[in-house]
Amino acid sequence: IMGTTSCLKNLVDNKIRLCLAIVNPIDWIPLCLACAFKTCIQTYTKFGMIGQAFAGGDFCSSAQKTANLLKTRLHEAVLTDFIGSRVMSWITYVLCVGVMFSAFAWAESLHD
């Protein structure tokens, strides 16, 4: 499993190889599988760490318990992870734009 994960991770993480895989139709299926597999692994890892934080035990036992829980609810976890990351990125963007406009207004009031 680790070898397959490493090979698929190298396919997705290497920008040049990713661009070449998008152009080559033969690589489309492995590319889609690599992206889906990477999302599942990141979700299991993220929720494993959250499970460890709540359980208070070591990572391996908490991750195994979390993996057993996520076996039946993986689609919900992936959806929650996706929506949560999008909401946080938009909130960060809006907050940064608000701070920028307030800094411009403050600088203009000092300039006048």
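Being a predicted model, the structure only gives us computed values, none of them experimental.

Trainee: For this particular structure, what's the right way to read the overall build of the protein chain?
Mentor: Scanning the protein chain for helices and strands turns up 4 helices and 0 strands. Shown N-terminal to C-terminal, the secondary structure of the protein chain runs as helices and strands in the order α-α-α-α. Taken over the C-alpha trace, the protein chain has a radius of gyration of 21 Å; the compact-globule value for 112 residues is 13 Å, which it surpasses by more than 25%. When the backbone C-alpha atoms are referred to their principal axes, the protein chain occupies close to 65 × 45 × 20 Å. When each of the 112 residues of the protein chain is scored for burial, the buried share is 14%. Taking the intrachain contacts of the protein chain between residues at least 6 apart in sequence as the baseline, contacts between residues at least 24 apart amount to 39%. Surface exposure of the protein chain reaches about 8800 Å², of which carbon and sulfur atoms provide 73%. Separation of charge centres in the protein chain, based on 9 positive and 7 negative side chains, amounts to 13 Å.

Trainee: So what exactly am I meant to see when it comes to the side chain of D81 here?
Mentor: Considering the arrangement of structural elements, one finds D81 in helix α4 (residues 59-111). Looking at D81, its side chain comes within polar contact range of the side chain of K46, at 2.7 Å. Residues contacting D81, with those up to four places away along its chain left out, are T43, K46 and F47.

Trainee: Looking at this structure, how should I read the confidence of the model for the protein chain?
Mentor: Atomic detail in the predicted coordinates should be set aside for any region of low pLDDT. Within the protein chain, residue pLDDT values average 82, and 98% of them lie at 70 or more. Within the protein chain, helix α1 (residues 2-13) has the poorest average pLDDT of any element, 74, and α4 the best, 87.

Trainee: Is there a simple way to think about the packing of helix α3 (residues 28-55) against α4 in this case?
Mentor: Packed helix pairs are specified by the crossing angle of their axes together with the interaxial distance, meaning the distance between the axes. Put simply, α3 and α4 touch, their axes get as near as 7 Å, and they point 125° apart. With respect to each other, α3 and α4 are oriented oblique. Crossing geometry of α3 relative to α4 is assigned as right-handed. On the side of α3, the interface is formed by T39, C40, T43, Y44, K46, F47, G48, M49, G51, Q52 and A55, while α4 contributes F59, S62, A63, T66, A67, L70, K71, L74, A77, V78 and D81.

Trainee: Help me understand the nonpolar core, please; the structure alone is not making it clear to me.
Mentor: Nonpolar side chains in soluble globular proteins tend to end up buried together. L8, L11, V12, A21, L31 and A34 together form the largest nonpolar core, which totals 6 residues. Every element with two or more residues in this core is listed here: α1 and α3. Excluding residues within four positions of it along the chain, L11 makes contact with R17, L18, A21, P30, L31 and A34.

Trainee: What is the right way to read the pattern of salt bridges from this model?
Mentor: If the charged atoms of two oppositely charged side chains come close together, the side chains can form a pair. Taken as a whole, this structure holds 2 salt bridges when the rule is applied. The salt bridge involving K46 is made with D81; its shortest N-O contact spans 2.7 Å. Of the two residues, K46 sits in helix α3 while D81 sits in helix α4, which places them 35 residues apart along the sequence. With a relative accessible area of 39%, K46 lands in the partly exposed category.

Trainee: Is there a simple way to think about α4 in this case?
Mentor: Over its 53 residues, α4 runs only 55 Å from end to end, short of the ideal 78 Å by more than 12%, given 1.5 Å per residue. Of all the bends in α4, the largest measures some 90° and sits at R73. Residues of α4 that are buried sit in contact with α3.

Reading the values: rules and limits
Residues numbered from 1 in each chain as written. Predicted model: local features only at pLDDT ≥ 70, side-chain atom pairs only at ≥ 80, totals over all residues. Heavy atoms only, no water. Helix = DSSP H or I, 4+ residues; strand = E, 2+ residues; numbered from the N terminus. Rg over C-alpha atoms; globule rule 2.2 N^0.38 Å. Buried < 20%, exposed > 50% of the residue type's maximum accessible area, 1.4 Å probe, protein only. Contact = heavy atoms within 4.5 Å. Areas by Shrake-Rupley, 256 points an atom, 1.4 Å probe, with all protein chains shown as cover. Lys, Arg positive; Asp, Glu negative; His and termini not counted. Charge placed at Lys NZ, Arg CZ, Asp CG, Glu CD. Polar contact = N/O pair within 3.5 Å; in protein donor to acceptor, adjacent residues only side chain to side chain. pLDDT = per-residue confidence, 0-100. Axes fitted to C-alpha atoms, helices over the stretch in contact; angles between N-to-C directions. Parallel < 35°, antiparallel > 145°, perpendicular 65-115°, else oblique. Left-handed = near helix turned anticlockwise from the far one by under 90°. Core = buried A, V, L, I, M, F, W, Y, C linked by side-chain atoms within 4.5 Å. Salt bridge = Lys/Arg side-chain N within 4 Å of Asp/Glu carboxyl O. Expected span 1.5 Å × (residues − 1). Bend = angle between axes of the 7 residues up to and from the residue.

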